[in-house]
Structure formats: C-alpha cells, structure tokens
Amino acid sequence: MNFLTTSLAIAITLSVARGLCMADDQSATLKDAFKNDFLIGAALNESQFEETDPQAVALIKAQFNTISPENCLKWESVHPNPGQYDFSTADQYVAFGQKNNMFIVGHNLVWHSQTPNWVFQDTNGQAISRDALIARMRDHIFTVVGRYKGKIGGWDVVNEALNEDGTLRTNSPWEKIIGDDYLVKAFQFAHEADPDAQLYYNDYSLENKPKRDGAVALIKKLQAAGIPIYAVGLQGHYKMDWPSTNDVDVTIKAFAALGIKVSITELDIDLLPAATSSQGADISMNARYRAGIDPYTNGLPASVQQALSQRYQDLFKVWVADRQSMERITFWGVTDAQSWLNNWPVSGRTAYPMLFGRDYQAKPALAAVLSTAKNN
Ligand code: GLA
C-alpha cells in the first residue's frame, strides 16, 4: 500500500466506525446529532401535546427541539364559526412547546382546505365580496397570531397556493374572491400581527421544476412587495423513488439564492405501492382499497426496511451538505401508527413512513439518519 491508499483506508475505516458508533449509541438523538445544522421537529396530535400518550411524549422530548401542530391551529379548529374562536386545544399545544423549550411552529393561516365554507359565504350561501373576505382574513390572522405573539416563533402564512404547473390555484376561494394579491395581504397581516415572527410559504412537490419555478416567482413577488419572508417550507411528502436527491438539492439551492432559508416541514417517506399516478400531497385525493395495494399488514420485510433506511440516509446526506441553507427538518408525525399515510390516499392501509415504529421503537432508519451527522 502506498501512502495515498493507506490514508484512504484509514479515512474509510474511521468514517464507517463513526457512523456505526453513532448508530449503535442508543443515547444518540436527532436533535443533538444535528444541533449545529438545523432544528429537528415533529408534527404533534392532541394525545401527544396533552400528554395522554406517554411513550410518544418521551420520544418527542428526547428527539425533537421544534414542534408543529398536525391540526389544532387550522382554521376549522380555531375558528369554526363566524365570530367564534376556540383556542382550548391550541393553547395546550403551545404550552407543551413552551414547557419543553421547543421552537413552536404555527400551521397554518390561509389555505383552501380545512377551512369552513362560511368563511367565503354570506348567510344566504352566496360568495362574499373581496373586501369582506380581506376583512375576515385580517380578523383571523390578527386574532390567532396575536394570541400567540412571542410564543409561536414562525407561521406557515399561506399553504399550497400553487398548481403543479406553477400557476396560482384559481380554484382556491381565496384566489377566486380576492385575486392574486391575497398572498401579499396574508403576509402583511401576519407581519403586522407579530413583527418578530418568521413567515413561511409552505407547499408540496416544489422539487418538480414547473412548480418550483412558480414558487420562486411568487416569493420574488412577495419580496418585491416588501414582505419579510423568512423561509420556504418544502413539505417533504416523499416516495421511495421521488424526488431524486439531485432535485432535492437543486430545489434547496434555488430558494437559498433568493436569500431565504429552506425547511422540510412535513417529512415522511411513502413506501407503499402507488395508489394514484400523482406525486402530489393533495389531501382531497382518494383511491379505493384494492388487492396488492397494502402488502405489509403483517410487518415490513427486512429488504424493504433496509431500502427505507437507505432512502432516509440519502436525503439527510443532501440536507447535511446544504445545512447552511437549512432551517429545520420536521417529520409529519412521530411513529408509523400516527401517520396520515395509513389513510391517504387509500383508507385503512398499514404504512411505514416514519423513523419510529408502531411499538415506539426506533427503526433501522433512525441509525441511518444519525450516521449522516457531522461530528461537529
Ligand atoms: C398537507 C397539510 C398538512 C396535512 C398534510 C396531510 O400537507 O399542509 O397540514 O394536512 O397535508 O396530513
């Protein structure tokens, strides 16, 4: 062996040993492993932040330093009827984050889904005017953001405004009634309500070029209007074969070039057979349960478990390499049992998208992820 090959052999041995060492170390946690790189979070449901699921709570406290609300801050939850706000659940979410010194995310203020119809209608069921809808939006944003001022650190101000071709969704009632500037208004109101809160635009499939280009144009427009947008949220509802790690990297760089941060906000990896031809994460999509579409009801074969670990590791390698641009990586849930993918787009399947299993134990994917952390 010459000097070069010897050094190479030593370097490889050291790096494998380091990976194994972190992987074997039961005490290694996500938030510690990536503490110099980005925040690590999970979306929580009620049984978690109300602490009625102690095993999940233990995992959350050990592994994560930021939380997102799965549903409790959506319009239908906090503002179910005209003039009637209900913060009973959201208050507990925020209290849990404060108690555990976590960065608390607000999700979300303006979206076409999980928003009651009354928001867009008068008492006769007719569409209200642009001015009336702007006034309702302002009242909602000021009330919700105002309540948690100084507690919620950042808000998904607008969720999913874009079509797959990068144009604005014209079938969103926000767009239909107010027009293109509903986004500028939403961000302005959020900024006025809490000037210190970070403001985010959040969407899925931005790894696909047409939609990404649309989002880049949208963010430039917001910036030109003087909006202090802090980050873009890539939802990260990924598949085993989509998006490519190259597309993930290109996407991060495209947004970082705008001077904003990038977060992965709803990470999960769907390894079940594709039920539709769409790569998107539109919650209104659904497909029928049929033979062959739910193959792992009795557990995950080792080869598929290994493939999931590899996929997670490949993605985290990109995020670690791009860590200067990355703000946060948040999983959409904690264990496989909690994942929305058990019921979307097909109801009643057995899904395996997370790092922790139904038994609350770490899957091999956790070690694979931890092995990508730099020892810094
Ligand atoms: C979208 C939304 C989330 C959630 C997921 C699916 O990505 O942003 O709030 O509803 O769908 O659970």
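Residues numbered from 1 in each chain as written. Predicted model: local features only at pLDDT ≥ 70, side-chain atom pairs only at ≥ 80, totals over all residues. Heavy atoms only, no water.

(A) Structural view of the overall build of the protein chain. The secondary structure content of the protein chain amounts to 13 helices and nine strands. Relative to the compact-globule value of 21 Å for 376 residues, the protein chain shows a C-alpha radius of gyration of 21 Å, a close match. Going through the 376 residues of the protein chain one by one, you find that 55% of them count as buried. Taking the contacts inside the protein chain whose residues are at least 6 apart along the sequence as the reference set, 79% of them involve residues at least 24 apart. (Helix = DSSP H or I, 4+ residues; strand = E, 2+ residues; numbered from the N terminus. Rg over C-alpha atoms; globule rule 2.2 N^0.38 Å. Buried < 20%, exposed > 50% of the residue type's maximum accessible area, 1.4 Å probe, protein only. Contact = heavy atoms within 4.5 Å.)

(B) The pairing of strand S8 (residues 261–270), seen in detail. For S8, the buried fraction is high: nine of the 10 residues fall into the buried class. Sheet topology note: the S8/strand S9 (residues 326–331) ladder contains four bridges and is parallel. Note on S9: the bridge partner recorded for Leu267 is Phe331. (Pairing = 2+ DSSP bridges.)

(C) Expanded view of the confidence of the model for the protein chain. Overall, the predicted model of the protein chain reaches an average pLDDT of 93, with 93% of residues at or above 70. Predicted confidence for residues 1–24 stays below pLDDT 50, and this span has 10 contacts to residues more than four positions away or in other chains. (pLDDT = per-residue confidence, 0-100.)

(D) View of the nonpolar core. By size, the foremost hydrophobic cluster in this structure holds 116 residues, and its most contacted members are Phe255, Phe316 and Trp319. When sequence neighbours within four positions are dropped, the list of residues in contact with Phe255 reads Leu206, Arg212, Ala215, Val216, Ile219, Val232, Leu234, Ile260 and Val262. (Core = buried A, V, L, I, M, F, W, Y, C linked by side-chain atoms within 4.5 Å.)

(E) Broad picture of the packing of aromatic side chains. Tallied over the entire structure, the rule returns 16 aromatic pairs. Between Tyr85 and Phe87, the ring centres sit 5.7 Å apart and the planes meet at 10 degrees, which makes this aromatic pair stacked. Judged by relative accessible area, which is 22%, Tyr85 ranks as partly exposed. For the pair Phe87 and Tyr148, a centre-to-centre distance of 5.9 Å together with 85 degrees between the ring planes defines the contact as edge-to-face. Here Phe87 is found in the loop between helix H5 (75–78) and helix H6 (88–99), whereas its partner Tyr148 is found in the loop between helix H7 (130–147) and strand S4 (154–159), with 61 residues between them in sequence. Through a chain of ring-to-ring contacts, three or more aromatic side chains come together here, namely Phe34, Phe38, Phe64, Tyr312, Phe316, Trp319 and Phe331. Seen from the ring of Phe142, Arg138 lies directly overhead, with NZ or CZ sitting 4.1 Å from the centre. In this structure, Arg358 is placed above the aromatic ring of Tyr352, and the distance from its NZ or CZ to the ring centre is 5.1 Å. (Phe/Tyr/Trp six-rings, centres within 6.5 Å; stacked < 30°, edge-to-face > 60°. Lys NZ or Arg CZ within 6 Å of the ring centre and 35° of its normal.)

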